[in-house]
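One letter stands for each residue in the lines below.
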Amino acid sequence: MPSVTVEAEPAPLSVDLDRSALVIIDMQRDFLETGGFGEALGNDVSRLQAVVAPCRVILNSARALNMLVIHTREGHRPDLSDAPALKVKRGDPKTRIGAVGPMGRILVRGEAGHDIIPELYPINGEPVIDKPGKGAFYQTDLELMLRNRCIDTLFVCGVTTEVCVNTTVREANDRGFRCIVLSDCCASYFPEFHDAGLAMIKAQGGIFGSVAESRSLVDTLTALSVRSAKRFATQ
Ligand code: C5J
């Protein structure tokens, strides 16, 4: 695949698509669906649901080009042995991690609520990173997978902008991976935190990474898949 220019802030970037991956953070039923952990905490989940459609579009574009797609899920072992006590004991006991909710035990691996929403469900060959923390690099093999595939650029989508997306982008930046956060494919329960989360990433010349809207990237990827399909058809 050729290099393409991505219209990002603070500046356009030249990106080698062969060394890029789409990383979709924590698009889990517990965060997005009615009856999940997010809603139990009093949040308006419709804000997160609003980015499912744009995430699906970029996911389909990446799949059409055979770009590496990685999904993450935040959650813990059923015995909670990988969850710090501080995290488990936080908040109302009825809505704590491990408590029983309408979609099973909250943020526990193997429970319905922990899984990825059907609209963005991983297909064969797309790694799923189960992470015990907010950042996708913390106590996971994500870095190893990216280095083994010579990936240097991550297009980042998911929820929530200021928590797991921001933490992952900061971890990636410290490890030398360039992140381009797709602003319309990320969401927060708090619009002001979403805006601040993106502003912090792209400030000071892109101190943690870059921010772009998905539309022009989708157009670029679509044009490339059409071109490669035509080339294939004429061979
Ligand atoms: C949170 C996340 N907000 N995926 N997790 O607890 O952002």
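Our structure is the block above this text.
Residues numbered from 1 in each chain as written. Predicted model: local features only at pLDDT ≥ 70, side-chain atom pairs only at ≥ 80, totals over all residues. Heavy atoms only, no water.

Peer 1: For this particular structure, what's the right way to read the site of the ligand?
Peer 2: The environment of the ligand is made up of Asp26, Phe31, Glu74, Lys134, Val159, Thr160, Val163 and Cys164. At 2.9 Å from a nitrogen atom of the ligand is found a side-chain nitrogen or oxygen belonging to glutamate 74. Threonine 160 has a polar backbone atom sitting 2.9 Å from an oxygen atom of the ligand. Within the complex, the protein chains bury 89% of what would otherwise be the 230 Å² of accessible surface of the ligand. Residue composition of the shell around the ligand, by class: 4 nonpolar, 1 polar and 3 charged. (Near = heavy atom within 4 Å. Polar contact = N/O pair within 3.5 Å; in protein donor to acceptor, adjacent residues only side chain to side chain. Areas by Shrake-Rupley, 256 points an atom, 1.4 Å probe, with all protein chains shown as cover. Nonpolar A, V, L, I, M, F, W, Y, C, P; charged D, E, K, R; others polar.)

Peer 1: What exactly am I supposed to notice about the pairing of strand 1 (residues 3-6) here?
Peer 2: Successive side chains on a regular strand alternate, one facing one side of the sheet and the next facing the other. What you see with strand 1 is a clean split: Val4 and Val6 sit on the buried side and Ser3 and Thr5 on the side with no burial. Sheet topology places strand 1 next to strand 2 (residues 13-16); 4 bridges connect them, and they run antiparallel. Bridge pairing in strand 2 links threonine 5 to serine 14. Between strand 1 and strand 2, which pair antiparallel in sequence order, lie 6 residues. (Buried < 20%, exposed > 50% of the residue type's maximum accessible area, 1.4 Å probe, protein only. Helix = DSSP H or I, 4+ residues; strand = E, 2+ residues; numbered from the N terminus. Pairing = 2+ DSSP bridges.)

Peer 1: Teacher, can you tell me more about the pairing of strand 3 (residues 20-25) here?
Peer 2: Counting buried positions along strand 3 gives 6 out of 6 residues, so the element sits mostly inside the fold. Residues Ser20, Leu22 and Ile24 of strand 3 are buried on one face, and the alternating residues Ala21, Val23 and Ile25, pointing to the opposite face, are buried as well. Bridge count for strand 3 against strand 8 (residues 153-159) is 6 bridges, and the pairing is parallel. Among the inter-strand pairings, serine 20 is bridged to a residue of strand 8, identified as threonine 153. For strand 3 and strand 4 (residues 68-74), the ladder comprises 5 bridges, and the chain directions are parallel. Looking at strand 4, one finds that leucine 22 is bridged to valine 69.

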